[in-house]
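Observations on the three-dimensional arrangement
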Amino acid sequence: YSFCTLLDGLWCHGQPPEAMGGEDTVEPLLDDDRDGVEQDMRKIDIGNYAVNSKTYCSNEVTTSKYNLFPMSPRFFLWRNLYEQFHRYANMYFLVVASLQLIPGLSPTGKYTTLVPLAFVLFVSLVKDSHEDWQRHKRDKETNNQPARVFRDGSWLDVTWKEICVGDVIEVPRETEFAADILLLYTGSEKGLCHIQTANLDGETNLKLRKCHVSVSSASPLPGFDPRHPENYTGTLACKPPDEDMYKFEGYLERKDRTNRTSRAPVDVESVLLRGAKLGSSVPRVMGTVVYTGKETKLMKNQKDSEMKTSQLELSTNQQIFRIFAAQIMFCLVCAIGLGLATSDFEDHWYLEPSDLSTPFVSGFVGFWTFVILFNNLIPISLYVSMEVVKLVQADLIRNDLEMYYAEADMPAKADTSSLNEELGQVQYVFSDKTGTLTCNVMDFLKFSVGESHYGTGTTEIGRAAAAREGTMLNDDRPSNIKLVKGFFFYDKRISDEDGRGVKWNWMDQPNAAELSYFFKVLAVCHTVVAEKNGDQLKYQAQSPDENCLVSGVKYLGVEFMGTEGADTVVLKIRQRGGGCVTEKWGLLHVLEFNSDRKRMSVVVRDPNGKLLLFCKGADTVIYERLKTNVTEKELEIQEKNRQFLTKFARDGLRTLVIAQTELDEKEYIKWAPKYKKATEDIGNREKMVADAAEEIEQNLDLLGTTAIEDKLQKGVPATIELLRTAGINVWVLTGDKQETAINIGFACALLNNDMGLFKFHDAVTQSNITQTLQNFARDADSVRRDYGQELGIVVQGGTLQLILGDQNTDVRPENSTHFLNIAKHCKVVICCRVTPGQKAQVVRLVKQNLAEVTLAIGDGANDVSMIKEAHVGVGISGLEGLQAANAADYAIGQFRYLQRLLLVHGRWNYRRNSKLILYSFYKNICLYLTQFWYCFYNSFTGQSLYDPWSLSAYNVIFTSLPIVGLAVFDRDIEPKRLVGDSDSAGIEQFPELYDDGRKSKLFNTAVFWKFTINAILHSAICLFIPRFSLDEVAHPDNGWALGLPAQGLTSYTAVIFTVTLKCAFESSSWTQINIILLVGSLASWFVFLCVYFSISTIGGFRLHTAHPSWYLVYRLFSHPIIWLAVFLTVTIALIRDFGWKCFKRNFEPNLTHVIQAWERKKKDGLITDFDRHRLKNEAPKLFPRQMVKKYKKKDDRPQKESMEPNPHAQERQQLEYLANMHLDAPWAKQAAVPPSPTKPLLNNSNPLFQAPAIHQPLTNSQHLISSMSSLAPSPHHVRSPSASITSPTVSQTTGPVDVYQNGHLQTHPSAFPYDSM
């Protein structure tokens, strides 16, 4: 049934060919109401180089930021300085450096701030320039690639940058497209070609593209002739350039032989985007260039990501403002002191009257002098040190072999190093399911047709669900069957293998015709491309689900062979006896899937000429489109298939519903032009196409369902258990059914039987959602406050729409507040049936309303919005492409690597960077506040105690490297104590150590000011002890008092030793690099003294005047009193720090201290290993507060000991069973404890208390509060439904309610209230 045959068929019904409405037909250009839209269209005259080259931009791309032209605003020096002075700290030091240039104002010289500032700016300039130079090289390489275009009557060899809009371009096979091109010629009979889009979306499967074909209703239009490209003329109209790579709207106007203008729509299926690559199916393609250079869709998408700032850096900025305020206070105190000191001339008889001014003027001028003197209370090297450290930390993440995914050759990526420490503070993890928690590798497992379902075997999720109920599920497929990748189906009724080949047993079934037709529908209703590779047929699909279904029916005897042209589907159908027949189905339209429609359809003609629509999609959208006027038999089939879907979902399978309808020819002829008009629309095409599809996808007949398995990734349950033990809340946002999501939650160790679970009934409406949320929030607060039970919540997309709203739904603002109050009490939240937009909404709700760090992780394009919305975005490089990985801040190969990214690298980086910031402020305050104390000895004149260039070198040379080494290499705990990896078999883990960053224990306002007060104390010690020690000491040569030079050198040396040893105290691990940096830092001070004081000038520039020569320095440091003063100062300053650390480790140790001590004992051979559970029992205060508390009754009724089983033993038993079942839990060290087939694993006889679900407007909802085991009250204490119990904390309502009893869900006629909960 070719396209022409279909046209003839319609003509026979009395309709002209135009009524067909096919995608490649055109109609005469009409004057309609589109003038306003078309004013914004870009119109390209194909082949007119002279006009197009002057109208549109060139194809040269520039990704670099800088150039070498001084008159350009992109000159590297001007632009880089402009960017750097957007940092407040750099601008502050620039102001200070400017003040120093004012004569007589600076006590520390003119350039002592300018030189370090210039060094910091220079380092950043070199780094940025090097990165930009790499971009320049890549741009040059790209722009000079060869291309071939037809221009001015001949083919020319040009470079990419010389390509112009409107050029006809030739692209050979396996070559990247240089611009966005409208495909006109492929050389194949069907006008098709395959392209690779891995550079655009990361998807490795081939995409099908078809030539644009114009067909005039009046006379044929000549096609593109590669021998005479000049004969192909026309005007291409399209929308202005945008970044949407999956959408293109336009039309091509051409004149036929009668000089009549005709218009044909152009869509994305005929457009080849820059960055994509031609496959090997055709030798070459030709087309006309639509967008070039920066206007191509690829370049439009290469935008700078939104700048993300870590919470640690934001907190640091706050502390900087506070330190600046303290600095102003110090300056004011000294300025007032100066004004008072100069108010009485008699006290300063040695000054000339002309040197004195009024106290106010002296104080005002002195204020700016003190600003200069104390300017480095804010460390000038802080930002450059943090930048260097974070770059090295990011490199360590990239090179961590424990996060290298060998199967995909995928190392970890860190594209946003500024968020390294944010990884150690995450409180909420938002995860996608498909491809993130699961493998996104589909296996055809089960299906149903009519009243029967087919397929055997079970899944990991099904086994976990059975284990919760105390039963065991075994795989009932024979052990000798051969399972093919992607096809794990086995059912004797359908097919079997007897050694001589496959037996198609379904052909002998009573419903063989139904089965055959169902398989044909699956083989026709899809967008899969069949590609021949020799004698083999390979399927390429944008969705792994479609590939799985088409491959599945191939193994069941109905093989999709590909298409003939764009309008005929060819099937090969197996027959009894081993033969096969070929069927051809006419393909009229493909109504494609998207996340809003949640379905896809095809309009086809079967071999008998019958006009049909096949539709497959989610049960929620298909069932509401089924015909309502049905027989009892059909209604029974619908209900049975609902039950099948529930059963499939229980096993965690991905389900689709398959339906069809026979179309009336007249109705179709009316509908086809509407659809054609929708595809031609400019500006609103997507909505109009969806509306047209909605019109025809009605009155469907149910055919059956499919169920495919998406296996859990390796290590997912263990990873989630570790994250939850670390105190991290895990939210799963998925498009799956609620039953599937819940069972996957249990299989992933997100949910457990001891957890109370809130669920919403489908009957929740806009009128009662607020009251329902209020009840839930009140109950959740009561249970968590009084009983400490872990809670979870499951919510569907429809309910989320009532809570959060969207552009079409107005909701009460308090709904989101109530929902957030519930979620705050829940350890786990599962959102199912959600759209990509709702994912971002949920993340935004938590991000904006809770002062917690959020992380979103996903693998597909539908996860990009939530990844960008979260504080930290993590992408997984999976089968859905690299969209998520490219948009994320970090990328990993598998979900299990998230535990190491957070618990190891995140925790280490948080600790390291916290110490870096605290120490940077500490060392500067320690030095520069000695100047403040010295002001009390110099009458607040602003006289500096130290040599100016010694001050400049303090941050740059003497104290910078030790803390950088600590911030890069310091480790307090071995990684095997935090996560399960290849080296941690049989090792106890302590993920609770993550609590330090999650609760910001190591860097907050209190900790910062403790360090600041300690620094103030050390500064006073470093000034006053040398001051009093040298008070009576004479010069070794002339007996004079040592004076200012000796005082300054002694105090400065004491400060250097004090802050360097303080850095050593803060180190948790020692390496050769640490020791070299610490010793080198101390040595650099003495080398500086020898070199600096032996030279007085450099190139005529005077370094120092009044300060001593090298000989005097040598004589001073040979005096024992100097060294004694330094020793006393350092000892007194650090004795408190040393004593405090000893006290904390020996008398008030935290969990880190205990593990470090045990590690040392183990290393010394004193112990073999230590027991985590023993430690929790003996020292429970070391661990974060437990979320689950022992159940206690609030009334005075006596409790029997036997009624309260040990929750920890049962929890551990179940954990060990599930962990061994998955074979990847890090702490599963005992043999698996399989549940008894007769006795439940947990005490499931206890009822699962639920809030009542009355069918009235007040609270149409359901929630599960109590547990199925030890945390719920014993069945002995549950009163009958008719009993009246008053609860002081929970609202009392009645109505039917589901409860779990004896491992089964049962419905009671009325709800019994909580038993004193």
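Conventions and cut-offs
Residues numbered from 1 in each chain as written. Predicted model: local features only at pLDDT ≥ 70, side-chain atom pairs only at ≥ 80, totals over all residues. Heavy atoms only, no water. Helix = DSSP H or I, 4+ residues; strand = E, 2+ residues; numbered from the N terminus. Buried < 20%, exposed > 50% of the residue type's maximum accessible area, 1.4 Å probe, protein only. Contact = heavy atoms within 4.5 Å. Areas by Shrake-Rupley, 256 points an atom, 1.4 Å probe, with all protein chains shown as cover. Pairing = 2+ DSSP bridges. Patch = residues over 30% accessible without salt bridge, like charges linked within 9 Å, V, L, I, M, F, W, Y side chains within 5 Å. Salt bridge = Lys/Arg side-chain N within 4 Å of Asp/Glu carboxyl O. Axes fitted to C-alpha atoms, helices over the stretch in contact; angles between N-to-C directions. Parallel < 35°, antiparallel > 145°, perpendicular 65-115°, else oblique. Nonpolar A, V, L, I, M, F, W, Y, C, P; charged D, E, K, R; others polar. Phe/Tyr/Trp six-rings, centres within 6.5 Å; stacked < 30°, edge-to-face > 60°. Disulfide = S-S within 2.5 Å. pLDDT = per-residue confidence, 0-100. Expected span 1.5 Å × (residues − 1). Polar contact = N/O pair within 3.5 Å; in protein donor to acceptor, adjacent residues only side chain to side chain. Left-handed = near helix turned anticlockwise from the far one by under 90°.

Here we come to the overall build of the protein chain. When helices and strands are counted, the protein chain shows 38 helices and 42 strands. Buried positions account for 56% of the 1317 residues belonging to the protein chain. For the protein chain, the proportion of contacts with a sequence separation of at least 24, taken over those separated by at least 6, is 73%. Just so you have it, the protein chain exposes about 57300 Å², and 55% of that area is on carbon and sulfur atoms.

To continue, consider the sheet that holds strand S3 (residues 146-151). Taken in spatial order, the six strands line up as S4-S3-S5-S14-S6-S12 in an open sheet, and their pairing is antiparallel. Each edge of the open sheet is held by one strand with a lone partner, namely strand S4 (154-159) and strand S12 (271-272). Pairing geometry for S3 and S4, over six bridges, is antiparallel. Paired with Arg 151 across the bridge in S4 is Ser 154.

Time to look at a nonpolar patch on the surface. Among the surface-exposed residues, Phe 360, Val 361, Phe 364, Val 365 and Trp 368 lie close enough to one another that they form a single nonpolar patch of about 500 Å² accessible area. As for its placement among the helices and strands, Phe 360 is situated in helix H10 (residues 359-373).

Helix H22 (residues 797-804) sits mainly inside the fold: six of its eight residues count as buried. Of the residues making up H22, those classed as buried are Gly 797, Thr 799, Leu 800, Leu 802, Ile 803 and Leu 804. Packing partners of the buried residues in H22 comprise helix H21 (769-787), strand S32 (791-796), helix H23 (813-824), strand S33 (828-832) and helix H24 (836-849). Positioned one or two residues after H22, Gly 805 has a phi angle of 80°, which is positive.

A word on the side chain of Ser 1019. In this structure, Ser 1019 sits in helix H31 (residues 1005-1029). On the basis of relative accessibility, which here comes to 0%, the residue Ser 1019 falls in the buried class. Contacts of Ser 1019, omitting those with residues within four sequence positions, involve Ile 925, Cys 926, Leu 929, Thr 930 and Trp 933.

Before going further, it helps to spend a moment on the pattern of salt bridges. The full count for this structure, using the stated rule, is 51 salt bridges. For the salt bridge of Asp 242 with Lys 297, the shortest nitrogen-to-oxygen distance reads 2.6 Å. Placement of the pair is Asp 242 in the loop between strand S9 (235-238) and strand S10 (250-255) and Lys 297 in helix H8 (residues 297-300), with a sequence separation of 55 residues. Asp 242 gets classed as partly exposed once you look at its relative accessible area, which sits at 25%. Ionic pairing is found between Asp 545 and Arg 654, a salt bridge with its closest N-O pair at 2.9 Å. Here the residue Asp 545 occupies a position in helix H14 (residues 544-555), and Arg 654 occupies one in strand S28 (residues 654-662), the gap between them amounting to 109 residues. Overall, the relative accessible area of 17% leaves Arg 654 in the buried class. Here the salt bridges share partners, and the residues they tie into one network are Arg 597, Arg 599, Glu 624, Arg 625, Glu 694 and Glu 697.

Here we take up the packing of helix H27 (residues 897-935) against helix H28 (residues 948-958). With their axes 11 Å apart at the nearest point, H27 and H28 run at an angle of 170° to one another. Classified by the angle between their axes, H27 and H28 sit roughly antiparallel to one another. Contacts between H27 and H28 pair Lys 923, Asn 924, Leu 927, Tyr 928 and Gln 931 from the former with Leu 951, Tyr 954 and Asn 955 from the latter. For the contact of H27 with H28, the class distribution of residues is four nonpolar, three polar and one charged.

As enumerated under the stated definition, the model contains 56 aromatic pairs in all. Arranged with centres 6.1 Å apart and planes meeting at 85°, the rings of Tyr 517 and Phe 614 form a pair that is edge-to-face. Of this pair, Tyr 517 sits in helix H13 (residues 512-524) while Phe 614 is found in strand S27 (residues 611-617), placing the two residues 97 residues apart along the sequence. With relative accessibility at 23%, the residue Tyr 517 sits in the partly exposed group. For the pair Phe 1003 and Phe 1008, a centre-to-centre distance of 6.3 Å together with 65° between the ring planes defines the contact as edge-to-face. Phe 1003 gets classed as buried once you look at its relative accessible area, which sits at 4%. On the accessibility criterion, Phe 1008 (1% relative accessible area) is buried. Every member of this aromatic cluster is reached through a ring pair, and the members are Phe 330, Phe 370, Phe 374, Phe 932, Trp 933, Phe 936, Tyr 937, Phe 940, Phe 1024 and Phe 1028.

Attention now moves to the sheet that holds strand S26 (residues 599-605). On the basis of which strands lie adjacent, the open sheet formed by nine strands has the order S18-S17-S29-S28-S27-S26-S25-S24-S23 and antiparallel pairing. Edge positions in the sheet fall to strand S18 (452-454) and strand S23 (558-564), since each has one partner strand and no second. Taking the axes of each pair of neighbouring strands and ignoring which way they run, one obtains an average angle of 30° across the sheet.

A full pass over the atoms with the stated rule returns zero disulfides. Here Cys 832 is not cross-linked by a disulfide; its sulfur's nearest cysteine counterpart is in Cys 831, at 7.6 Å. Relative accessible area serves as the criterion here: at 0%, Cys 832 is assigned to the buried category.

Residues with a pLDDT of 70 or more make up 78% of the protein chain, whose mean pLDDT is 77. Here residues 1-36 is modelled with pLDDT under 50, and outside its nearest four sequence neighbours on either side it reaches 70 contacts, counting other chains as well. The low-confidence segment residues 1186-1317, where pLDDT is below 50, has 304 contacts with residues more than four positions distant or belonging to other chains.

The next subject is H21. If you check H21, its first and last C-alpha atoms are 26 Å apart, about what 19 residues at 1.5 Å a residue would give, namely 27 Å. Just downstream of H21 lies Gly 788, where phi reads positive at about 65°.

Looking now at the side chain of Arg 605. Among the structural elements, Arg 605 can be located in strand S26. A distance of 2.8 Å separates polar atoms of two side chains, one belonging to Arg 605 and the other to Glu 665.

Turning to the packing of helix H16 (residues 632-650) against helix H20 (residues 738-747), a few remarks are in order. Following both chains from N to C, one finds H16 and H20 inclined at 20°, their axes separated by 7 Å at the closest point. The orientation of H16 with respect to H20, classified from their angle, is roughly parallel. Between H16 and H20 the crossing geometry is right-handed. Counting all contacts with H16, which are made through Thr 646, Ala 649 and Arg 650, the residues of H20 involved are Glu 739, Thr 740 and Asn 743.

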